[in-house]
Amino acid sequence: MAARVALLLHMHQPDYIDPTDGRPIMPWVRLHATRGYLDVPVLAAEHNARFTLNVVPSLLDQLETYVNGGTDAWEDLTRLPAERLNDEQQAILRKRFFHGHPAMRRVSPRYRDLEARRDTLTDPQDLRDLQMWSNLAWMGVVARRDPFIAGLYAQDRGYTHAQVVAMLDKQRELVARVLPLWRDAPEISCSPYNHPILPLLVDFEHSRRSLPHVPAGSVSFAWPDDARRQVVEGLDRVEAVLGRRPDGMWPSEGSVGPEVARICAEAGVRWLTTDEGVLHRSSRDHDPTVRRAWWVEDAGLHIVFRDRGLSDRIGFHYATWDGHAAAADLLAHTGKNGVVPVILDGENPWESYPDAGEAFLSSLFGSGRVCSVGDALADMPRGTIHHLHTGSWINADLGIWAGDPMDRAGWRRLARLRAAWDAAGCPDAVWPHLRAAEGSDWFWWYGPEHHTEMRDLFDRLFNKHLAAGWRALGQEPPADLARPVWADL
């Protein structure tokens, strides 16, 4: 009998909401909502396939912002007639409106032509076509089934301002479909509220368990109650928006440790998921295999470990394959008998698939061999973990968020606000800003591991969250928050 795939797809974007005006400063939630957020549940439902939809609670907040009529600065620029764009606005279009995987620009000869001339674009028709394609290229399987959107794809160039506005209005209709579809997902799990690295909230020193090069005492941050609150409030928020309280959790970036497991169990979480690298470095009673559900004896919950190789095939390799062949290859590599957990990002991979992942997802969901993590737990043999390793899905450590001096500079800014909040008696008004600043996403872009042309925007938003926290304390923000974190080095 062929093995089944326990599929968890993790839906996550940073919290782009600017605390000064309540508007997103970047458009990626809106754009992903016309692609992966919509396509995954629709294609699964078309094949009556069960899977686990993992959501980040702060992402639900942002989707609701759009549903309630909110806009971001990029949408506002797109709604302006191209003839009225001033020099500064034109420069923003040239700099920012080509972001996304190159595969999405390859769907349009016009978009490729505009990219080739991006530094010299000033003609209103060029700018208007760029306004159109910077949104249209993101639209996925479900969106392209709409005759209006399909017609815009076929037209390719020469759009009118009225067409651009009509496209944006259609986009808002698509965004509004996401949350109702997620409410009907076969199984829902979640991450902590603002996607923090939980072991580092419990005690930053725990990074040294697998990163001995991190200087002892370099960051004074040890607030396990923050980790607990991020978990509980995340569960509460998902229940309020999607109507079900999750049984399971993908801790942000698969970051776990013994203290984290206990906090989650105390909050009512029945199972966690993370990477097989953590399993290999944990003390246990059986040889490591992802085909077991592992009981963490000092916490009182199960952990399911993802098959890294199969998960990474979807995320990083299959985009260049024929989608049907890729799904067949994945299923062929699961082997016989049992259940194989496949856990990965549920939105970013489909940027690189030329058909937005339609052939692959349809074949996988239509195979009859996909189930949810909760389904898998009922059938998986058991093992016991005596001591859970502290680490994440990347290298089974916390290096991305703590290993570089720039990471630690950001953490010191965060720690300063956290200590001041504690000294002030923890007034409620500060917590939403502190909770957002504790998110993993800012630290993802600090240090040498990852690069984005928008690192300045992520840094600015991190510092805005901190500054808003200081103001909520009734204090003037420290002067260094006006400078990027890397200025501290």
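As the structure is a prediction and not an experimental result, all values here were calculated from the model.

*Asks:* Would you take a moment to explain the overall build of the chain for this structure?
*Replies:* Across its full length, the chain carries 26 helices and 11 strands. Rg of the C-alpha trace for the chain: 23 Å, near the compact-globule value of 23 Å for 489 residues, within the 12% margin. Across its three principal axes, the chain shows a C-alpha extent of roughly 65 × 65 × 40 Å. Residue burial in the chain is summarised as follows: out of 489 residues, 61% are buried. Considering only contacts in the chain between residues 6 or more positions apart, those separated by 24 or more positions represent 78%. Accessible surface computed for the chain: about 17,500 Å², of which carbon and sulfur atoms make up 51%. Between the averaged position of the 54 positive side-chain charges in the chain and that of its 67 negative side-chain charges there is a distance of 2 Å.

*Asks:* Can you help me understand the packing of aromatic side chains in this one?
*Replies:* Given two aromatic rings, their pairing is described by the distance between the two centres and the angle made by the two planes. Tallying each qualifying case throughout the model produces 25 aromatic pairs. Summarising the aromatic geometry, the rings of W421 and W431 are spaced 5.7 Å apart at their centres and angled 20° between planes, so their arrangement reads as stacked. Here W431 lies in helix α24 (residues 431–437) and W421 lies in helix α23 (residues 405–423), a separation of 10 residues in the sequence. Across the pair, exposure class does not vary: W421 and W431 are buried alike. Centre to centre, the rings of Y446 and W486 are 6.4 Å apart; their planes meet at 70°, and the pair counts as edge-to-face. In this pair, Y446 sits in the loop between α25 (441–444) and α26 (455–472) while W486 sits in the segment after α26, placing the two residues 40 residues apart along the sequence. On the basis of relative accessibility, which here comes to 1%, the residue Y446 falls in the buried class. Lying over the aromatic face of Y193, R435 brings its terminal NZ or CZ to 3.7 Å of the ring centre.

*Asks:* How should the nonpolar core be read in this particular structure?
*Replies:* Note that soluble globular proteins tend to have their nonpolar side chains buried in a common cluster. Among the nonpolar cores identified, the biggest contains 153 residues, and L7, L63, L136, W182 and F360 are the most heavily contacted of them. If we skip the residues at most four places from it in the chain, F360 touches I314, Y318, G323, A326, A327, L330, W350 and Y353. If you look at the next biggest cluster of nonpolar residues, it comprises 13 residues, including I343, A376, L377 and M380.

*Asks:* For this particular structure, what's the right way to read the pattern of salt bridges?
*Replies:* It is possible for side chains of opposite charge to pair when their charged atoms get near one another. Applying the stated criterion across every chain yields a total of 41 salt bridges. Two residues, D129 and R110, come together in a salt bridge whose shortest N-O distance is 2.7 Å. Of this pair, D129 sits in helix α8 (residues 124–136) while R110 is found in helix α7 (residues 109–116), placing the two residues 19 residues apart along the sequence. Pair check on accessibility: D129 and R110 agree, each one buried. Of the charged contacts in the structure, one is a salt bridge between D225 and R228, with a shortest N-O distance of 2.6 Å. Here R228 and D225 lie together in helix α14 (residues 224–242), a separation of 3 residues that amounts to about one turn. Of the residues examined, R228 reaches a relative accessible area of 31% and is grouped as partly exposed. When salt bridges with common partners are traced through the structure, they connect R30, D72, E75, R79, D169 and R172 into a single cluster.

*Asks:* Help me understand the side chain of D397, please; the structure alone is not making it clear to me.
*Replies:* Considering the arrangement of structural elements, one finds D397 in the loop between β11 (382–387) and α22 (399–402). For the buried residue D397, which engages in no salt bridge, the nearest side chain bearing the opposite charge is R281, 5.5 Å off. Ignoring sequence-local partners within four residues, the contact set of D397 consists of S210, L211, G391 and S392.

*Asks:* I would appreciate a short explanation of the pairing of strand β9 (residues 339–345) in the present structure.
*Replies:* Strand residues, when the strand is regular, have side chains that alternate between the two faces of the sheet. The buried count for β9 comes to 6 of 7 residues, which makes it a mostly enclosed element. Two strands pair when backbone bridges link them, and strand β1 (residues 4–11) and β9 are joined in this way by 7 bridges, in the parallel orientation. Residue pairing in the sheet places L8 in a bridge with I343 of β9.

Calculation rules
- Residues numbered from 1 in each chain as written.
- Predicted model: local features only at pLDDT ≥ 70, side-chain atom pairs only at ≥ 80, totals over all residues.
- Heavy atoms only, no water.
- Helix = DSSP H or I, 4+ residues; strand = E, 2+ residues; numbered from the N terminus.
- Rg over C-alpha atoms; globule rule 2.2 N^0.38 Å.
- Buried < 20%, exposed > 50% of the residue type's maximum accessible area, 1.4 Å probe, protein only.
- Contact = heavy atoms within 4.5 Å.
- Areas by Shrake-Rupley, 256 points an atom, 1.4 Å probe, with all protein chains shown as cover.
- Lys, Arg positive; Asp, Glu negative; His and termini not counted.
- Charge placed at Lys NZ, Arg CZ, Asp CG, Glu CD.
- Phe/Tyr/Trp six-rings, centres within 6.5 Å; stacked < 30°, edge-to-face > 60°.
- Lys NZ or Arg CZ within 6 Å of the ring centre and 35° of its normal.
- Core = buried A, V, L, I, M, F, W, Y, C linked by side-chain atoms within 4.5 Å.
- Salt bridge = Lys/Arg side-chain N within 4 Å of Asp/Glu carboxyl O.
- Pairing = 2+ DSSP bridges.

Honestly, that's just the spatial picture; any functional story needs more than this.
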